[in-house]
Amino acid sequence: MSQTPASQEEYIEIFGAREHNLKNLDIKIPRNKLVVVTGLSGSGKSSLAFDTIYAEGQRRYMESFSAYARSFLGGMERPDVDKINGLSPVIAIEQKTTSKNPRSTVGTVTEIYDFMRLLYARAGEAYSYLTGKKMIRQTEDQIIEQLFSKFLDKKLYILAPVVKGRKGHYRELFEQIRKMGFSKVRVDNVVMDIVPKMQLDRYKIHDIEIVIDRIVAEESDRFRITQSLKAGLQHGKGVIMIREESGEIHHFSKYLMDPETGLSYDEPAPNSFSFNSPYGACPTCNGLGITEEITQESIIPDPSLSITRGGIAPLGEYRDIWIFKKIEAILKHYKCSMSTPIRDLPEEVVQVLLYGDKVEVAVDSVKYPGTKWTTTFEGIVNFLQKYQEGSSDKIQDWVSEFTITQTCPDCHGYRLKKEALHFKIDEKHIGELAVMDIRSLSEWFDGLEDRMTEKQQLIGAEVLKEIRKRIGFLLDIGLDYLSLNRPLRTLSGGEAQRIRLATQIGTQLVGVLYILDEPSIGLHQRDNEKLIKALQSLRDLGNSVLVVEHDKDMMLASDFVLDMGPGAGRHGGHVVAAGKPSEIFNNGSVTARYLSGKLGLPIPKERRKGKGKSLILSGATGNNLKNVTLELPLGTLILITGVSGSGKSTLIHETLYPILNREFYNSKKEPMPFKSIEGLKELDKVIEVDQSPIGRTPRSNPATYTGVFSDIRTLFTELPEAKIRGYKPGRFSFNVKGGRCEDCEGAGMKLIEMDFLPDVHIPCETCKGKRYNRETLEIRFKGKSISDVLDMTVEQAVEFFEFQPKILRKIKTLSEVGLGYITLGQHATTLSGGEAQRVKLATELSKKDTGKTFYILDEPTTGLHFQDIDLLMGVLQKLVDKGNTVLIIEHNLDVIKVADRVIDLGPEGGNKGGTIVVQGTPEEVAAHPRSHTGRFLKLELNS
């Protein structure tokens, strides 16, 4: 009996899935449909979608390679599942893979910029950067015809340039020219005979041309002239110069050349327009568009101070060390004193201190008193620049405090060489297109053929089709406010994910299983419809789309919903319901009750007015902000809303938070431009909870991250048995020698490397996975060892440590944010995005609040189910009740409707955003006619 090919089967069948908390699941998922996997945070959604289905798809792909190839790649671990049938090739589009590389941009990832490079290399028109005139290229025949039409009957020199603006004596070059049979050269505008051992001043810049022939441009001599011109073009590498008797020079070239100045460009290729290639990158900033400079202002911030009192910031106040001895000797040489304020020192002396001097000075030795060392001083700037590269991260961070980032003065932020910026299509160079937002770029490409020459149209037809198609996908998923040169590392997780989605739609693959991790993150309700349409178009091409998602609209638009649960962690791992959205509605699960409106966050009867005091940020103008004044009433729950790209992150993360951080913790990060801030005296600390993971190694876990593990170790140290043995807290750490099991170095697992097969993790035979040695495990608190404590769930730990207030406070907060099911020692790498963010939140919430604390949260509902959001908002409301201020950037309408104050930015993204559309209670925002948030909020408040 033959097997049905995967592409013709109707279902993906999974048998016996046991990865993480999955309870031996058997599931059938329909193929070529849009399927949503939902459920509480920690219920097993990612374990099923990514750790089982995606991992098995990846492993099968790797298995298709030869054993030899696999030995280089390393094997993929087989997920804990009995069998999967009907699996197509799998592509995962996750949130976590945002590139940190500044060279990775929206244009390079979507490949739009690559097609534009091709267009400019083949159809761009070159202009001279010296005169602005159009560059021309001529064939040999055209050059000959021009010579006869322009210079008929005139005496001419035919010259072949071989050296242009370079230093050297060129003795060997002259010898070589003489051997080729030429007797004259033109050196620095003077024609001279070549004589034996002829050479030039090696330290001066020279121009050298070979005198190929002296002719009179007569028709009768056409053959000789043609031969001379060909020889000239050969020796001049495609370029020749014609000199008239009067001395006037004319340039001709087979390549692109400015006929007026003789400036020539290399033949353009796609890499001539790449800022990631040495052929195209601006040499000043190496294609980054920005330069980091150490300036006089950053090194001498207060010129009224003397050097002794710390006027030179990197050195601090005077100490008896070598560099101060050097400076003292230099100042003595210039008859100046260390105690003179720097502003009163002669400018020449300040420049020597900053940039060094070749003059040698005698310095008293610190090591051998009475002796002197003769040395030169390199200068503070050169000293710092030396440590800027190739030093430890700590030293580089220290040097970065004195560097100022600014737009590259040569390429003006366009990242390319000046030659590349002088190739134009419709009077625009490629750099100008890269800084446009996608909406404007799309408008520029519309009807471009009408503004192109016939030749350009023929060359660019196919390329323009590809560019327009890819720009269209970005517009379809609501990213019209981004520009092609926007670095990928500055995008939010949701934006980066949607860009990869647009790229995948652009590849037009068929028969693929796409798995997406919450693509609606960071997306306004208005743009959600665009995203759903994009996913449906992927499905309609003939692909299966599996989305891990909590969004109500996405569930309703899907073909099939898989609801995981019933609880989280060890209480989850089952399929609670599976079927069409309409079937799920009535099944009585937690998800169904929220979807049908039986459960939900209640709207408060009364909105808080606050303490009567406000924090007022005036005149914020960073990025696309248009002189925004933000008034935040203290002691309230404030929501910042607006469509993607409206300026929320710029206003809060890049302007407000750095100001507060600088005020309370002396942070060095510069805020974006603003005029003034009032009301700081009403606050005493700021806490920001963002979306970055809590740790990238298995050695990081909730206990270590929240700091409760230090308190638990201290508790074990104070036990009588531990005191008798003289154990210190380090004894109970699995990261340092002493108490840990040395066989597995505290990992609890051992890695067995298998050639041609995936590496195998097995529990350590010595400690049986407990991480510690026998002596450490003998110390017990209430009958439990330190290893037993790490294996406890948060719920169990709350009961176990009920009489240890310091420990209880931190663990209880984890329980309050809905993480009662995770274990204290769970590896950070196995936590979902929503769980990791709540661990961070719990860590901050467990710190004692003062009633004057300002909390900033960035989309805390990421990865959270309706019920988890309910729990989270309960915790945040308690914080506000104590007098603290909580500010949340959020798109989730459930959260927006319970706020005391909503500040809606917009009205659109990018250049059309950056203003406050409306601020007030959710009801006032819902009534505003121009607010996109208000439109959706009105439906939510009335439901």
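Our subject in this report is the structure included herewith. (Residues numbered from 1 in each chain as written. Predicted model: local features only at pLDDT ≥ 70, side-chain atom pairs only at ≥ 80, totals over all residues. Heavy atoms only, no water.)

Quick word on the packing of helix H4 (residues 112–123) against helix H15 (residues 454–476)
Angle between the axes and distance between the axes: these two values describe a pair of packed helices.
Working step 1: For the pair H4 and H15, interaxial distance at closest approach is 10 Å and the crossing angle is 165 degrees. Between H4 and H15, the crossing angle belongs to the class labelled roughly antiparallel. With respect to the hand of their crossing, H4 and H15 are arranged in left-handed fashion. Residue-level inspection shows Ile112, Phe115, Met116, Leu118, Leu119, Arg122 and Ala123 of H4 in contact with H15, the latter providing Gln456, Ile459, Gly460, Val463, Leu464, Glu466, Ile467, Arg470, Ile471 and Leu474.
Working step 2: Broken down by class, the residue content of the contact of H4 with H15 amounts to 12 nonpolar, 2 polar and 3 charged. (Axes fitted to C-alpha atoms, helices over the stretch in contact; angles between N-to-C directions. Helix = DSSP H or I, 4+ residues; strand = E, 2+ residues; numbered from the N terminus. Parallel < 35°, antiparallel > 145°, perpendicular 65-115°, else oblique. Left-handed = near helix turned anticlockwise from the far one by under 90°. Contact = heavy atoms within 4.5 Å. Nonpolar A, V, L, I, M, F, W, Y, C, P; charged D, E, K, R; others polar.)

Regarding the packing of helix H5 (residues 140–150) against helix H7 (residues 222–235)
Working step 1: Orientation of H5 relative to H7, taken along the N-to-C sense of each, is 125 degrees, at an axis distance of 11 Å. In terms of orientation, H5 lies oblique with respect to H7. For the element pair H5 and H7, the recorded crossing hand is right-handed. Here Glu140, Ile143, Ile144, Glu145, Leu147 and Phe148 of H5 lie close against H7, whose contacting residues are Arg222, Ile225, Thr226, Leu229, Lys230 and Leu233.
Working step 2: Of the residues that constitute the contact of H5 with H7, the class distribution is 7 nonpolar, 1 polar and 4 charged.

Examining the pairing of strand E12 (residues 249–253)
Working step 1: Of all 5 residues in E12, 4 are buried; the element is thus mostly enclosed.
Working step 2: Relative to E12, strand E11 (residues 239–244) runs antiparallel, the two being bridged by 5 bridges. Pairing of Met241 across the sheet is with His251, part of E12.
Working step 3: With antiparallel pairing between neighbouring strands as the criterion, E11 and E12 make up a hairpin whose turn holds 4 residues, including Gly247 at a positive phi of roughly 100 degrees. (Buried < 20%, exposed > 50% of the residue type's maximum accessible area, 1.4 Å probe, protein only. Pairing = 2+ DSSP bridges.)

Quick word on the sheet that holds strand E31 (residues 901–906)
Working step 1: Taken together, 6 strands build an open sheet; the order of strands is E26-E29-E30-E24-E31-E32 and the sheet is mixed. Among the strands making up the open sheet, the edge pair consists of strand E26 (685–689) and strand E32 (915–920). Across the sheet, the mean angle from the axis of one strand to that of its neighbour is 15 degrees, orientation sign disregarded.
Working step 2: Sheet topology places strand E24 (residues 637–642) next to E31; 5 bridges connect them, and they run parallel. When the sheet's bridge partners are listed, Ile638 is paired in E31 with Arg901.

Quick notes on the nonpolar core
A general tendency of soluble globular proteins is for nonpolar side chains to be buried together.
Working step 1: In this structure, Ile712, Phe716, Phe801, Met873, Val886 and Ile888 are the most contacted members of the largest nonpolar core, which totals 70 residues.
Working step 2: Here this core takes 7 residues from helix H30 (residues 866–881), the largest share from any one element.
Working step 3: For Ile888, the contacting residues outside a window of four places in its chain are Leu637, Ile638, Leu639, Ile640, Leu857, Pro860, Met873, Leu876 and Val895.
Working step 4: If you look at the next biggest cluster of nonpolar residues, it comprises 69 residues, including Leu256, Phe275, Ile477 and Leu531. (Core = buried A, V, L, I, M, F, W, Y, C linked by side-chain atoms within 4.5 Å.)

Observations regarding the state of the cysteines
Working step 1: For the structure shown, the criterion picks out 0 disulfides.
Working step 2: Counting only cysteine sulfurs, Cys411 is the nearest neighbor of Cys285, a cysteine outside any disulfide, at a range of 3.7 Å.
Working step 3: For the unlinked cysteine Cys767, the closest cysteine sulfur is that of Cys764, found at 3.7 Å.
Working step 4: By relative accessible area, which is 5% here, Cys767 ends up buried. (Disulfide = S-S within 2.5 Å.)

Some remarks on the side chain of Ser646
Working step 1: Tracing the backbone through its elements, the reader meets Ser646 in the loop between E24 and helix H21 (648–665).
Working step 2: One polar contact links the side chain of Ser646 to the main-chain carbonyl oxygen of Val643, over a distance of 2.8 Å.
Working step 3: In contact with Ser646, other than residues within four places in its own chain, are Asn624, Leu905, Gly906, Glu908, Gly909, Gly913 and Gly914. (Polar contact = N/O pair within 3.5 Å; in protein donor to acceptor, adjacent residues only side chain to side chain.)

Some points on unusual backbone geometry
Working step 1: The peptide bond linking Gly565 to Pro566 adopts the cis configuration, its omega dihedral lying at -5 degrees.
Working step 2: As for its placement among the helices and strands, Pro566 is situated in the loop between strand E20 (560–565) and strand E21 (574–579).
Working step 3: In this structure, Pro907 follows Gly906 across a cis peptide bond, with omega equal to 5 degrees.
Working step 4: By the secondary structure assignment, Pro907 is in the loop between E31 and E32.
Working step 5: Here Tyr170, not a glycine, exhibits a phi torsion of approximately 60 degrees, which is positive.
Working step 6: By secondary structure assignment, the location of Tyr170 is in the loop between strand E7 (155–167) and helix H6 (171–179).
Working step 7: The class for Tyr170 is buried, based on a relative accessible area of 12%.

What about the pattern of salt bridges?
Working step 1: On inspection of all chains with the given rule, the structure shows 46 salt bridges.
Working step 2: For Glu145, the salt bridge goes to Arg222, with nearest N and O atoms at 3.3 Å. Taken together, the positions of Glu145 in helix H5 and Arg222 in helix H7 put the pair 77 residues apart, joining distant regions of the chain.
Working step 3: Overall, the relative accessible area of 24% leaves Arg222 in the partly exposed class. (Salt bridge = Lys/Arg side-chain N within 4 Å of Asp/Glu carboxyl O.)

A look at a nonpolar patch on the surface
Working step 1: A cluster of nonpolar side chains, contributed by Tyr68, Phe72 and Leu73, occupies part of the molecular surface with about 400 Å² of accessible area.
Working step 2: Inspection of the secondary structure assignment puts Phe72 in helix H2 (residues 67–73). (Patch = residues over 30% accessible without salt bridge, like charges linked within 9 Å, V, L, I, M, F, W, Y side chains within 5 Å. Areas by Shrake-Rupley, 256 points an atom, 1.4 Å probe, with all protein chains shown as cover.)

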